[in-house]
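# Structural characterization, general
Spelled out, the chains give:
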Amino acid sequence: MVKSLGEHTCSFVRSWEEERKRAIDAQEKDALAWNSDVARQDAIVSHAIEQNEARNKRILESVISAWIGWGVPRRVAEILPHAQSTEAVSSVSDFVDGPGTFLILAGGVGCGKTVAACSAAKRGGAFFFVDALDLVKVGLYGERAEIFWEHAEGAEMLVLDDIGVEPRDEKGYAQAALEDLINKRYNSKRKTILTTNLSADVFRSKYCQGPGGGRLGDRLREAGEWVALTGKSMRKG
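This text gives an overview of the structure that appears in the document. (Residues numbered from 1 in each chain as written. Predicted model: local features only at pLDDT ≥ 70, side-chain atom pairs only at ≥ 80, totals over all residues. Heavy atoms only, no water.)

The subject of this paragraph is the nonpolar core. Grouped together as the largest cluster of nonpolar side chains are 28 residues, with contacts concentrated most on L160 and I163. Of all elements in the fold, only β1 (102-106), β2 (127-131), α6 (144-154), β3 (157-163), α7 (173-187), α8 (200-207) and α9 (214-223) reach the threshold of two or more residues within this core. For this core, the element with the most residues is α7, which contributes five residues. Dropping the residues within four chain positions of it, I163 is found in contact with A132, L135, L178, L194, T195, T196, N197, L198, F203 and Y207. Listed in part, the 26 residues of the second largest apolar core include V89, V115, A116 and M157. (Core = buried A, V, L, I, M, F, W, Y, C linked by side-chain atoms within 4.5 Å. Buried < 20%, exposed > 50% of the residue type's maximum accessible area, 1.4 Å probe, protein only. Helix = DSSP H or I, 4+ residues; strand = E, 2+ residues; numbered from the N terminus. Contact = heavy atoms within 4.5 Å.)

Turning our attention to unusual backbone geometry. Unusually for a residue other than glycine, D162 sits at a positive phi of about 60 degrees. Mapped onto the fold, D162 is located in strand β3.

All told, the structure shown has five aromatic pairs when counted by the stated rule. Seen from their ring centres, F128 and F148 are 5.9 Å apart, and the 70 degrees between their planes marks the pair as edge-to-face. Residue F128 is found in strand β2, and its partner F148 is found in helix α6; the two are separated by 20 residues along the sequence. You'll find F128 and F148 in the same group, each marked buried. (Phe/Tyr/Trp six-rings, centres within 6.5 Å; stacked < 30°, edge-to-face > 60°.)

Encoded structure:
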(Lines give C-alpha, C1' and ligand atoms only; values in the text may rest on other atoms or scores of the structure.)
Protein backbone atom coordinates (compact mmCIF):
# COMPACT_ATOMS: atom_id res chain seq x y z
CA MET A 1 0.00 0.00 0.00
CA VAL A 2 1.35 3.38 -0.92
CA LYS A 3 1.85 5.61 2.11
CA SER A 4 0.25 8.99 2.03
CA LEU A 5 2.27 12.18 2.31
CA GLY A 6 1.05 12.59 5.89
CA GLU A 7 2.28 9.12 6.85
CA HIS A 8 5.68 9.83 5.26
CA THR A 9 5.85 13.08 7.18
CA CYS A 10 4.97 11.41 10.51
CA SER A 11 7.53 8.67 9.88
CA PHE A 12 10.19 11.25 9.05
CA VAL A 13 9.39 13.26 12.20
CA ARG A 14 9.58 10.13 14.35
CA SER A 15 12.90 9.14 12.80
CA TRP A 16 14.23 12.66 13.26
CA GLU A 17 13.10 12.77 16.90
CA GLU A 18 14.65 9.35 17.58
CA GLU A 19 17.92 10.42 15.95
CA ARG A 20 17.84 13.68 17.89
CA LYS A 21 17.25 11.79 21.16
CA ARG A 22 20.15 9.44 20.39
CA ALA A 23 22.35 12.43 19.65
CA ILE A 24 21.30 14.13 22.92
CA ASP A 25 21.88 10.87 24.84
CA ALA A 26 25.32 10.56 23.29
CA GLN A 27 26.14 14.16 24.17
CA GLU A 28 24.97 13.62 27.74
CA LYS A 29 27.12 10.47 28.02
CA ASP A 30 30.09 12.36 26.61
CA ALA A 31 29.44 15.20 29.03
CA LEU A 32 29.20 12.79 31.96
CA ALA A 33 32.40 11.08 30.87
CA TRP A 34 34.15 14.46 30.47
CA ASN A 35 32.89 15.63 33.85
CA SER A 36 34.08 12.37 35.35
CA ASP A 37 37.52 12.86 33.77
CA VAL A 38 37.63 16.44 35.04
CA ALA A 39 36.61 15.28 38.50
CA ARG A 40 39.34 12.65 38.44
CA GLN A 41 41.90 15.20 37.29
CA ASP A 42 40.74 17.64 39.99
CA ALA A 43 41.05 14.89 42.58
CA ILE A 44 44.58 14.05 41.38
CA VAL A 45 45.62 17.73 41.47
CA SER A 46 44.04 18.25 44.90
CA HIS A 47 45.79 15.17 46.24
CA ALA A 48 49.11 16.36 44.83
CA ILE A 49 48.59 19.80 46.39
CA GLU A 50 47.72 18.24 49.75
CA GLN A 51 50.80 16.02 49.59
CA ASN A 52 53.00 18.98 48.69
CA GLU A 53 51.54 21.08 51.51
CA ALA A 54 52.05 18.22 53.95
CA ARG A 55 55.64 17.79 52.78
CA ASN A 56 56.33 21.53 53.09
CA LYS A 57 54.78 21.51 56.55
CA ARG A 58 57.03 18.64 57.63
CA ILE A 59 60.09 20.44 56.24
CA LEU A 60 59.11 23.66 58.01
CA GLU A 61 58.53 21.82 61.30
CA SER A 62 61.94 20.17 60.91
CA VAL A 63 63.61 23.55 60.32
CA ILE A 64 61.83 25.12 63.30
CA SER A 65 62.91 22.18 65.48
CA ALA A 66 66.51 22.71 64.33
CA TRP A 67 66.35 26.40 65.29
CA ILE A 68 64.96 25.50 68.70
CA GLY A 69 67.78 22.99 69.07
CA TRP A 70 70.23 25.84 68.46
CA GLY A 71 68.73 27.69 71.42
CA VAL A 72 66.23 29.91 69.61
CA PRO A 73 63.11 30.42 71.78
CA ARG A 74 60.09 28.57 70.37
CA ARG A 75 58.01 31.75 70.06
CA VAL A 76 60.75 33.29 67.91
CA ALA A 77 61.38 30.13 65.87
CA GLU A 78 57.71 29.94 64.91
CA ILE A 79 57.72 33.60 63.81
CA LEU A 80 60.92 33.41 61.75
CA PRO A 81 59.48 31.78 58.59
CA HIS A 82 56.95 34.61 58.28
CA ALA A 83 59.08 37.48 59.62
CA GLN A 84 58.63 40.66 57.61
CA SER A 85 61.48 42.83 56.42
CA THR A 86 62.15 45.53 59.01
CA GLU A 87 64.91 47.99 59.77
CA ALA A 88 66.40 45.45 62.17
CA VAL A 89 66.16 42.52 59.74
CA SER A 90 67.82 44.61 57.00
CA SER A 91 70.64 45.52 59.40
CA VAL A 92 71.21 41.85 60.19
CA SER A 93 71.21 40.90 56.50
CA ASP A 94 73.81 43.58 55.75
CA PHE A 95 75.88 42.44 58.71
CA VAL A 96 75.83 38.77 57.63
CA ASP A 97 77.06 39.74 54.15
CA GLY A 98 79.53 42.34 55.39
CA PRO A 99 83.00 42.19 56.96
CA GLY A 100 82.04 43.20 60.50
CA THR A 101 82.44 40.87 63.47
CA PHE A 102 79.95 42.41 65.92
CA LEU A 103 76.50 43.93 65.50
CA ILE A 104 74.63 45.48 68.42
CA LEU A 105 70.89 45.95 67.97
CA ALA A 106 69.62 48.43 70.55
CA GLY A 107 66.02 49.43 71.08
CA GLY A 108 62.99 49.29 73.31
CA VAL A 109 61.09 46.17 74.29
CA GLY A 110 59.21 44.55 71.40
CA CYS A 111 60.84 46.41 68.49
CA GLY A 112 61.89 43.14 66.84
CA LYS A 113 65.53 42.88 67.94
CA THR A 114 65.47 39.18 68.85
CA VAL A 115 63.52 38.06 65.78
CA ALA A 116 65.83 40.10 63.56
CA ALA A 117 68.96 38.71 65.22
CA CYS A 118 67.68 35.15 64.83
CA SER A 119 66.86 35.76 61.16
CA ALA A 120 70.57 35.17 60.61
CA ALA A 121 69.84 31.48 61.29
CA LYS A 122 67.92 31.35 58.00
CA ARG A 123 71.19 31.88 56.15
CA GLY A 124 72.50 28.48 57.29
CA GLY A 125 75.75 27.57 59.00
CA ALA A 126 76.45 26.76 62.64
CA PHE A 127 74.19 29.03 64.73
CA PHE A 128 73.82 29.38 68.49
CA PHE A 129 71.47 31.52 70.59
CA VAL A 130 72.39 32.57 74.13
CA ASP A 131 70.20 34.49 76.54
CA ALA A 132 72.22 36.95 78.61
CA LEU A 133 70.98 35.23 81.77
CA ASP A 134 72.76 32.06 80.61
CA LEU A 135 76.07 33.84 81.20
CA VAL A 136 75.16 33.88 84.88
CA LYS A 137 73.44 30.48 85.08
CA VAL A 138 76.01 28.52 83.08
CA GLY A 139 77.86 27.73 86.29
CA LEU A 140 74.88 25.60 87.29
CA TYR A 141 75.01 23.50 84.14
CA GLY A 142 77.59 21.06 85.50
CA GLU A 143 79.09 18.93 82.74
CA ARG A 144 76.93 20.69 80.16
CA ALA A 145 78.80 23.97 80.80
CA GLU A 146 81.73 22.80 78.68
CA ILE A 147 79.40 21.96 75.78
CA PHE A 148 77.71 25.34 76.20
CA TRP A 149 80.99 27.22 75.89
CA GLU A 150 82.09 25.12 72.92
CA HIS A 151 78.94 26.11 71.04
CA ALA A 152 79.11 29.74 72.16
CA GLU A 153 82.74 30.14 71.17
CA GLY A 154 82.70 28.03 68.01
CA ALA A 155 79.39 28.83 66.29
CA GLU A 156 79.74 30.65 62.97
CA MET A 157 76.96 32.97 64.11
CA LEU A 158 76.21 33.71 67.77
CA VAL A 159 73.31 35.73 69.16
CA LEU A 160 73.70 37.19 72.67
CA ASP A 161 70.18 38.29 73.53
CA ASP A 162 69.05 40.90 76.06
CA ILE A 163 72.48 42.04 77.20
CA GLY A 164 71.88 44.24 80.23
CA VAL A 165 69.17 42.22 82.00
CA GLU A 166 71.59 39.76 83.63
CA PRO A 167 72.20 40.45 87.35
CA ARG A 168 75.65 41.75 88.29
CA ASP A 169 77.27 39.33 90.69
CA GLU A 170 79.72 40.63 93.28
CA LYS A 171 82.66 38.74 91.78
CA GLY A 172 81.90 40.03 88.31
CA TYR A 173 81.61 36.54 86.82
CA ALA A 174 79.02 37.49 84.19
CA GLN A 175 81.05 40.52 83.08
CA ALA A 176 84.22 38.43 82.87
CA ALA A 177 82.41 35.65 80.98
CA LEU A 178 81.01 38.16 78.47
CA GLU A 179 84.38 39.82 77.94
CA ASP A 180 86.14 36.48 77.52
CA LEU A 181 83.53 35.24 75.03
CA ILE A 182 83.64 38.47 73.00
CA ASN A 183 87.44 38.38 72.97
CA LYS A 184 87.58 34.78 71.75
CA ARG A 185 85.09 35.44 68.98
CA TYR A 186 86.98 38.61 68.05
CA ASN A 187 90.23 36.66 67.71
CA SER A 188 88.57 33.96 65.60
CA LYS A 189 86.61 36.55 63.54
CA ARG A 190 83.31 34.78 64.22
CA LYS A 191 80.25 36.95 63.77
CA THR A 192 78.23 37.87 66.85
CA ILE A 193 74.95 39.77 67.22
CA LEU A 194 74.11 41.36 70.56
CA THR A 195 70.69 42.76 71.43
CA THR A 196 70.02 45.17 74.26
CA ASN A 197 67.40 47.53 75.64
CA LEU A 198 70.14 49.85 76.92
CA SER A 199 71.06 53.16 75.39
CA ALA A 200 74.58 53.61 74.08
CA ASP A 201 75.61 55.68 77.10
CA VAL A 202 74.25 53.20 79.64
CA PHE A 203 75.81 50.28 77.73
CA ARG A 204 79.21 51.96 77.77
CA SER A 205 79.02 52.81 81.46
CA LYS A 206 78.05 49.22 82.30
CA TYR A 207 80.29 47.18 80.03
CA CYS A 208 83.02 49.40 78.62
CA GLN A 209 84.78 50.63 81.73
CA GLY A 210 88.45 51.37 82.05
CA PRO A 211 90.93 53.22 79.84
CA GLY A 212 89.72 53.43 76.26
CA GLY A 213 86.49 51.65 77.18
CA GLY A 214 88.26 48.52 78.43
CA ARG A 215 88.88 45.36 76.44
CA LEU A 216 85.19 44.83 75.64
CA GLY A 217 84.72 48.40 74.47
CA ASP A 218 87.89 48.21 72.40
CA ARG A 219 86.76 45.02 70.61
CA LEU A 220 83.26 46.29 69.89
CA ARG A 221 84.49 49.68 68.73
CA GLU A 222 87.07 48.19 66.38
CA ALA A 223 85.01 45.42 64.78
CA GLY A 224 81.44 46.28 65.64
CA GLU A 225 78.47 48.40 64.63
CA TRP A 226 75.81 49.91 66.90
CA VAL A 227 72.32 50.11 65.37
CA ALA A 228 69.75 52.09 67.35
CA LEU A 229 66.27 50.91 66.37
CA THR A 230 63.49 53.47 66.52
CA GLY A 231 60.50 51.31 65.61
CA LYS A 232 57.48 50.99 67.89
CA SER A 233 56.79 47.79 69.77
CA MET A 234 55.56 44.96 67.56
CA ARG A 235 54.08 43.03 70.47
CA LYS A 236 50.33 42.91 70.99
CA GLY A 237 48.59 43.84 74.17
